[in-house]
Amino acid sequence: MIPFVNLVAQRNTYRKEFEEIEKNVLESGRFIGGSQVANLEKELSEYIGAHGKQGKNVQTIACGSGTDALTIALMALGLSAGDEVIVPDFTFIAPAECVAFLGGTPRFADIDIQTLQISPVSVEKLITPKTKGIIAVNLFGQCVPFAELRKIAEKHNLWIIEDSAQAFGATQNGRAACTFGDIAITSFYPTKPLGCYGDGGALFTCSETLAEKIRMIANHGSKGHYKHEIIGVNSRLDALQAAILRVKLRHLDEELKVRQQNAAKYDDFFKNWEGVVPQKTAEGNTSTVAQYTLLVQDRDAFIAKLNAAQVPFCIHYPATLQSQECFKGRPGASSATSENSNAALATRQAISLPVCAFTDVDEIIKSLAAVK
Ligand SMILES: *Cc1c(COP(=O)(O)O)cnc(C)c1O
């Protein structure tokens with residue numbers, strides 16, 4: 001069976017580079033932090049700087065995971081118990097979970113049904129005197145409508161955290177993802193477009209003050225030397241993961257290009273498949289195509305065809321966040337959208353197909369054409 005994300009083929013392709021750097025790290029005796037992590041942070045900042053305006057002053061702080069990065073970002077922005085944060089209702093759990101974990105209240109905004117991104121109109125409706133910020137998730141690899149969101153944020157004095165867990169390498173109107181939020185985050189979970197061999201994440205900010213605070217929070221609230229000024233956490237990236245990421249970062253642009261070509265092939269193929277509509281890429285956006293996602297009217301029948309063609313798939317995501325058990329009875333749950341929302345519709349219709357740079361999409365399309 002075809003793997004959904006072909007990390008084995010990716011490793012085989014860059015094997016020599018990996019083996020050399022892995023050996024260096026394992027024999028260096030330095031396993032946490034150190035020059036591998038410092039160089040990765042520098043190279044990630046340079047990558048963002050090279051991929052659009054506004055990226056020149058960005059600082060990168062590596063940490064233990066994308067979820068940690070969100071928690072640290074909320075801590076750095078001073079989230080307190082009772083504060084409300086607006087998150088999309090259709091996404092991975094982490095943004096809402098981190099808000100609730102810190103005693104805040106996630107409020108769930110609806111999405112645009114074509115792009116599947118958070119709807120600025122829905123966001124504005126949810127603002128109350130307790131609202132402190134918005135977590136904007138660049139879902140499946142393309143940026144949310146940041147110009148509109150920023151206008152709303154400025155009008156109501158809110159911060160924006162940009163969740164680019166799936167979108168490191170994306171752009172919007174020539175500006176790089178990870179430069180739109182007051183703080184941006186990404187995840188290096190293995191199957192993300194830029195993934196390592198375990199857990200990892202990073203935060204990005206152009207604010208010197210926030211960068212310093214983030215570094216302290218990720219390091220037990222300390223600048224070092226056992227002096228702890230604020231309450232922090234332990235969240236750090238291993239040297240080995242950083243080394244692996246540095247290899248993959250060198251190939252990221254090539255891989256993103258192939259992902260985009262794969263998506264274009266699928267788009268072309270599904271044009272003539274009734275009841276199947278690909279996620280729209282909004283004008284001005286380039287996507288990392290973290291997922292190639294379709295909205296399918298009769299998803300069960302479509303799944304039967306995928307199974308017949310032996311094509312693997314994933315359902316991102318099968319339920320709205322506000323309907324998740326963990327938010328039941330909490331303030332803010334069921335606040336924004338109902339079963340009639342676009343978010344709920346997306347949970348019933350969305351399905352993702354293999355699209356990574358090592359997926360043979362021509363072969364998949366051939367198999368699908370045979371069972372159509
Ligand atoms: C994967 C993901 C996260 C969490 O990242 P981890 O590294 O798995 O903790 C957060 N937000 C979104 C949108 C994600 O896809």
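Residues numbered from 1 in each chain as written. Predicted model: local features only at pLDDT ≥ 70, side-chain atom pairs only at ≥ 80, totals over all residues. Heavy atoms only, no water.

Colleague: Can you walk me through the pairing of strand β3 (residues 105-109) in this structure?
Modeller: Two faces belong to every sheet, and in a regular strand the side chains alternate between them. In terms of residue burial, β3 counts as a mostly covered element, since five of its five residues are buried. The alternating pattern of β3 places Thr 105, Arg 107 and Ala 109 on one face and Pro 106 and Phe 108 on the opposite face, and all of these are buried. Chirality of the crossover, the property in question, places the unit of strand β2 (residues 84-88), helix α5 (residues 94-101) and β3 among those that are right-handed. (Buried < 20%, exposed > 50% of the residue type's maximum accessible area, 1.4 Å probe, protein only. Helix = DSSP H or I, 4+ residues; strand = E, 2+ residues; numbered from the N terminus. Right-handed = clockwise from strand over helix to strand, strands pointing away.)

Colleague: What is the right way to read the sheet that holds β3 from this model?
Modeller: Strand pairing in a sheet takes place through backbone hydrogen bonds and is either antiparallel or parallel in direction. If you trace the seven strands from one edge of the open sheet to the other, you get β1-β9-β8-β5-β4-β2-β3, paired in mixed fashion. Looking at the sheet topology across the chains shown, the edges are occupied by β1 (59-63) and β3. Averaged over all adjacent pairs, the angle separating strand axes in this sheet is 25 degrees, with direction ignored. Alignment of β1 against strand β9 (residues 201-205), held across five bridges, turns out to be antiparallel. Within the sheet, the bridge partner assigned to Gln 59 lies in β9 and is Thr 205. Its contacts with the sheet place helix α4 (residues 66-76) against β1, β4 (131-137), β5 (159-163), β8 (183-187) and β9, and it is angled at close to 165 degrees to β8. Across the face of the sheet, helix α7 (residues 146-156) comes into contact with β4 and β5 while running at roughly 150 degrees to β5. (Pairing = 2+ DSSP bridges. Axes fitted to C-alpha atoms, helices over the stretch in contact; angles between N-to-C directions. Contact = heavy atoms within 4.5 Å.)

Colleague: Explanation requested: the pattern of salt bridges in the structure shown.
Modeller: Note on pairing: side chains with opposite charge can pair once their charged atoms come close. Applying the stated criterion to the full structure yields 17 salt bridges. Glu 22 is the partner of Arg 11 in a salt bridge, and the nearest nitrogen-oxygen pair spans 2.8 Å. Of this pair, Arg 11 sits in helix α1 (residues 7-13) while Glu 22 sits in helix α2 (residues 15-28), and the two are 11 residues apart along the sequence. In this structure, the salt-bridge partner of Lys 132 is Asp 83, at a minimum N-O distance of 3.1 Å. On the criterion of sequence distance, the pair formed by Lys 132 in strand β4 and Asp 83 in the loop between α4 and β2 is long-range, its members being 49 residues apart. By relative accessible area, which is 33% here, Lys 132 ends up partly exposed. Through salt bridges with shared partners, one network takes in Glu 212, Lys 223, Lys 227 and Glu 229. (Salt bridge = Lys/Arg side-chain N within 4 Å of Asp/Glu carboxyl O.)

Colleague: Teacher, can you tell me more about a nonpolar patch on the surface here?
Modeller: A contiguous nonpolar patch, built from Leu 26, Phe 31 and Ile 32 and spanning about 280 Å² of accessible area, is present on the exposed surface. The residue Phe 31 is located in the loop between α2 and α3 (34-50) in this model. Under the relative-accessibility criterion, Phe 31 is labelled partly exposed at 42%. (Patch = residues over 30% accessible without salt bridge, like charges linked within 9 Å, V, L, I, M, F, W, Y side chains within 5 Å. Areas by Shrake-Rupley, 256 points an atom, 1.4 Å probe, with all protein chains shown as cover.)

Colleague: Explain the packing of helix α9 (residues 239-270) against helix α12 (residues 361-371) here, please?
Modeller: Helix packing geometry: the angle between the two helix axes and the distance between the axes. Taken N-terminus to C-terminus, the directions of α9 and α12 make an angle of 15 degrees; their axes are 10 Å apart at the nearest point. Here α12 runs roughly parallel to α9, going by the angle between their axes. Both α9 and α12 take part in a crossing whose hand is right-handed. Taking contact as the criterion, the partners of Asn 262, Lys 265, Tyr 266, Phe 269 and Phe 270 in α9 are, on α12, Val 361, Asp 362, Ile 364, Ile 365, Leu 368 and Ala 369. Of the residues that constitute the contact of α9 with α12, the class distribution is eight nonpolar, one polar and two charged. (Parallel < 35°, antiparallel > 145°, perpendicular 65-115°, else oblique. Left-handed = near helix turned anticlockwise from the far one by under 90°. Nonpolar A, V, L, I, M, F, W, Y, C, P; charged D, E, K, R; others polar.)

Colleague: Mind showing me how you'd approach the sheet that holds strand β15 (residues 350-353) here?
Modeller: The sheet built from three strands is open, its strands ordered β12-β14-β15 with antiparallel pairing. With one partner strand each, in any of the chains shown, β12 (276-278) and β15 form the two edges of the open sheet. Taking the axes of each pair of neighbouring strands and ignoring which way they run, one obtains an average angle of 35 degrees across the sheet. Across four bridges, strand β14 (residues 292-296) lies against β15 in antiparallel orientation. Across the sheet, Leu 295 pairs through a bridge with Ala 350, a residue of β15. In the packing of helix α10 (residues 299-308) onto the sheet, the strands contacted are β12, β14 and β15, and the crossing angle to β15 comes to about 20 degrees.

Colleague: Help me understand the site of the ligand, please; the structure alone is not making it clear to me.
Modeller: Neighbouring the ligand are 13 residues, the closest being Thr 67, Asp 163, Gln 166, Ser 187 and Lys 192. For the ligand, an oxygen atom lies 2.8 Å from a polar atom in the backbone of Gly 66. Residue Gln 166 places a side-chain N or O atom 2.8 Å away from an oxygen atom belonging to the ligand. Protein burial of the ligand: of its 380 Å² of free accessible surface, 93% is covered by the chains. (Near = heavy atom within 4 Å. Polar contact = N/O pair within 3.5 Å; in protein donor to acceptor, adjacent residues only side chain to side chain.)

Colleague: Just to check I follow, could you spell out the packing of aromatic side chains for this structure?
Modeller: For any pair of aromatic rings, geometry is given as the distance between the ring centres together with the angle between the planes. In this structure the tally under the stated criterion is 17 aromatic pairs. Geometrically, the ring pair formed by Phe 269 and Phe 270 is edge-to-face, given 5.1 Å between the ring centres and 70 degrees between the ring planes. Phe 270 shares its class with Phe 269; the two are buried. Among the aromatic residues, ring-to-ring pairing joins Tyr 266, Phe 269, Phe 270, Trp 273, Tyr 292 and Phe 302 into one connected group. The ring of Phe 92 carries the charged tip of Lys 192 above its face, separated from the ring centre by 6.0 Å. (Phe/Tyr/Trp six-rings, centres within 6.5 Å; stacked < 30°, edge-to-face > 60°. Lys NZ or Arg CZ within 6 Å of the ring centre and 35° of its normal.)

Colleague: What exactly am I supposed to notice about the pairing of β4 here?
Modeller: The buried fraction of β4 is high, at six of seven residues. Inspection of the sheet shows β2 paired to β4 by three bridges, in the parallel sense. The partner of Ile 86 across the bridge, within β4, is Ile 134. By the bridge criterion, five bridges tie β4 to β5 in an arrangement that is parallel. Across the sheet, residue Val 137 finds its bridge partner in β5, namely Asp 163. Between the parallel elements β4 and β5, the chain passes through α7 in a crossover that is right-handed.

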